[in-house]
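Architecture and fold: a report
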Amino acid sequence: MTHPRILIFIPTYNESRNVERLCAELRAIDVPADVLFLDDGSPDGTGVTLDRLARDDPRMAVVHRGQKLGIGSAHRAGILYAYDHGYDLLVTLDADFSHTPADIPRLLAAHGPGVDLVVGSRYLQPGSLPGWSPHRRFLTQLGHVMTRTLLGLPYDASGAFRLYDLRRIPPALFDLVRADAYSFFFESLFVLQRNGCRVSEVPIVLPARVYGSSKLTWREALRSGRFMLALYAADLTHPERFRLGRPIDRLRDDLKPAGGWDDYWSDKTHAVGHLYDIVAALYRRLMIQSRLRRRLARHFSAGAHLLHAGCGSGQMDRDLHRCWRVTAVDISREALERYARNNREAHHIEQADIMTLPFDAGIFDGVFNLGVLEHFSGAEIEAVLGEFHRTLKPGGKIVLFWPHRRGSSVLVLNAAHRLLRLFGRPDVRLHPPEVSLIRSRRTVEAVLERAGFRIVDYEFGMRDLFVQCVIVASRSDDRRSPASVPRA
């Protein structure tokens, strides 16, 4: 059996009084590992000391950088070095003896089958922070509460004592991590968790520094706090930024979305757009997600093949793939790239115009559409519903989220656009115009009956704060003559 190649990585800055003893303790543990030090141009001569020690130890390597570039940047460089040199496991720790080299075998022992990352945790047992000053203890505990609450990380997310299984973690995941300072630790753990990596923990004791002073200052803590809030907001509005995407099954160069849809899915460059993204994300999570899942569970059996027509970024689809086979289409390439990151388990992802779907007749059990039809004209809606009818199996159903003209979301958006015009920003549109809002259930029934559908469920009321109409209709073979479709 081939033993894994192990690298122990330690970044340094002004650690000249620690590294000699540290090297001796690393040599004393019974772990067949190479050691890499990365020094950021320490003015106290740490790099010179490391070079001298490396000349006597063939397992030790030293990388020098000309200036202090940040602890997170150093760890990213160490991780890249480990990938480039073919190591299987990477252990990272600090040089100040807040992490004990004798604990490395315990870290390795906790690395079992299916574990991608092992984290040394100071929160698993009492008395794990001996000698810490009150302010440093407070900052550490506050950071732990924030990473648990905002980022959903139940682990010791800000510690550097870790074991990465590089055979199981794609290197591209670290390209999604942007922080160069202490925020690197919780951001990298956040990204790994969001991409399904399995994490294990071992309890450790973190004594105060042997020499020197703590690098964790109030200024650094405030910077990390701001970064954490920004990370939370980004995950709320654009969770796909933190996920690796799957390949899109088909892209078409001949499709060019009209109406500003690529611009809509591109990153907003103004403050109003960022605020809209946050409000829209909260609205989707609080209002749409549960309503959509309830309707699908009520009308479709497990394993049914569903088409999400006009899928957008697909934030609402992430939990659907466990129950149903979802095929997603959108005309916007930008939207599909986001969808592919949010929905790695999707059955099929394809660029297509929902007015001319590229699928055979009668292959889907259901079609769902979330807040799209209001952007089309009557004739276009007729074409879309005709394609839904054609691609559905007999008895198949459609689920439509379609805003009412008196819906609360419509009123809020109209007010927002009036304010933008009032403050001299008529050029800023939060989304493409809504030209076909629902006027009444009766007009919707007429539109759907003309397309060969019969309403089986219709909801618009106080239960959902008058946000959108939710319509479920079943396919029938009774299609009226294709006269002009009335406004919904």
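To keep things clear, this report deals only with the structure shown in the data block. Fair warning: this is a prediction, and the values are worked out from it, not measured in the lab. (Residues numbered from 1 in each chain as written. Predicted model: local features only at pLDDT ≥ 70, side-chain atom pairs only at ≥ 80, totals over all residues. Heavy atoms only, no water.)

Digging into the overall build of the protein
Regarding its fold elements, the protein presents 13 helices and 14 strands. Taken along its principal axes, the extent of the C-alpha atoms in the protein is 90 × 60 × 45 Å. Counted over contacts in the protein with a minimum sequence separation of 6, partners at least 24 positions apart contribute 77%. Summing over all exposed atoms, the protein offers an accessible surface of approximately 22000 Å²; the carbon and sulfur share of this is 54%. Averaging the locations of the 66 positively and 56 negatively charged side chains of the protein gives two centres separated by 6 Å. (Helix = DSSP H or I, 4+ residues; strand = E, 2+ residues; numbered from the N terminus. Contact = heavy atoms within 4.5 Å. Areas by Shrake-Rupley, 256 points an atom, 1.4 Å probe, with all protein chains shown as cover. Lys, Arg positive; Asp, Glu negative; His and termini not counted. Charge placed at Lys NZ, Arg CZ, Asp CG, Glu CD.)

What to know about the environment of Arg441
Looking at the element boundaries, Arg441 is found in helix α13 (residues 441-450). Separated by 244 residues in sequence, Arg441 and Cys197 place their C-alpha atoms 47 Å apart. With residues near it in sequence (within four places) discarded, Arg441 still touches Ile455 and Tyr458.

Topic: the packing of aromatic side chains
Summed over the entire model, instances satisfying the criterion amount to eight aromatic pairs. These aromatic residues form a ring-pair network of at least three members: Tyr83, Tyr164 and Phe174. A cation over an aromatic ring shows up here: Arg5 above the ring of Tyr87, its NZ or CZ 4.2 Å from the ring centre. Positioned above the aromatic ring of Phe97, the side-chain terminus of Arg21 is 4.1 Å from the ring centre. (Phe/Tyr/Trp six-rings, centres within 6.5 Å; stacked < 30°, edge-to-face > 60°. Lys NZ or Arg CZ within 6 Å of the ring centre and 35° of its normal.)

Digging into the sheet that holds strand β7 (residues 199-203)
Ordered in space as β3-β2-β1-β4-β6-β5-β7, the seven strands form an open sheet in which the pairing is mixed. Edge positions in the open sheet fall to β3 (60-64) and β7, since each of these has one partner strand only. Taken over all neighbouring pairs, the strand axes of this sheet differ in orientation by 20 degrees on average, direction set aside. When strand β1 (residues 6-12) meets strand β4 (residues 89-92), the two strands line up parallel, connected through four bridges. Looking at β4, one finds that Ile6 is bridged to Leu89. (Pairing = 2+ DSSP bridges. Axes fitted to C-alpha atoms, helices over the stretch in contact; angles between N-to-C directions.)

Here's the deal with the environment of Ala157
Assignment of secondary structure puts Ala157 in the loop between α5 (134-151) and β6 (162-165). For the pair Ala157 and Ser183, spaced 26 residues apart in the sequence, the C-alpha separation amounts to 9.4 Å. Not counting chain neighbours up to four residues away, the residues in contact with Ala157 comprise Thr147, Arg162, Phe185, Phe186 and Leu189.

What to know about a nonpolar patch on the surface
Taken together, the side chains of Ile278, Leu282 and Leu286 present a nonpolar region at the surface, about 260 Å² in accessible area. Take Ile278: it is sitting in helix α9 (residues 271-299). (Patch = residues over 30% accessible without salt bridge, like charges linked within 9 Å, V, L, I, M, F, W, Y side chains within 5 Å. Salt bridge = Lys/Arg side-chain N within 4 Å of Asp/Glu carboxyl O.)

Points about unusual backbone geometry
The backbone of Asn14 sits at a positive phi, close to 55 degrees, despite the residue not being glycine. Mapped onto the secondary structure, Asn14 falls in the loop between β1 and α1 (19-28). According to the relative accessible area criterion, Asn14 is partly exposed, its value standing at 31%. We note that Phe97 has phi near 70 degrees; this positive angle belongs to a residue other than glycine. (Buried < 20%, exposed > 50% of the residue type's maximum accessible area, 1.4 Å probe, protein only.)

Some thoughts on the nonpolar core
Leu90, Tyr164, Ile169, Leu173, Leu189 and Leu192 are the most contacted members of the largest nonpolar core, which has 40 residues in total. Secondary-structure elements contributing two or more residues to this core are β1, β2 (33-39), α3 (71-84), β5 (117-121), α6 (183-194) and α7 (218-237). Those residues within four positions of Leu173 in sequence are excluded, and the remaining contacts are Val191, Leu192, Asn195, Cys197 and Leu244. Among the nonpolar cores identified, the runner-up in size contains 33 residues, and Ile6, Ile8, Leu129 and Phe161 belong to it. (Core = buried A, V, L, I, M, F, W, Y, C linked by side-chain atoms within 4.5 Å.)

Nothing here speaks to function; it is all geometry.
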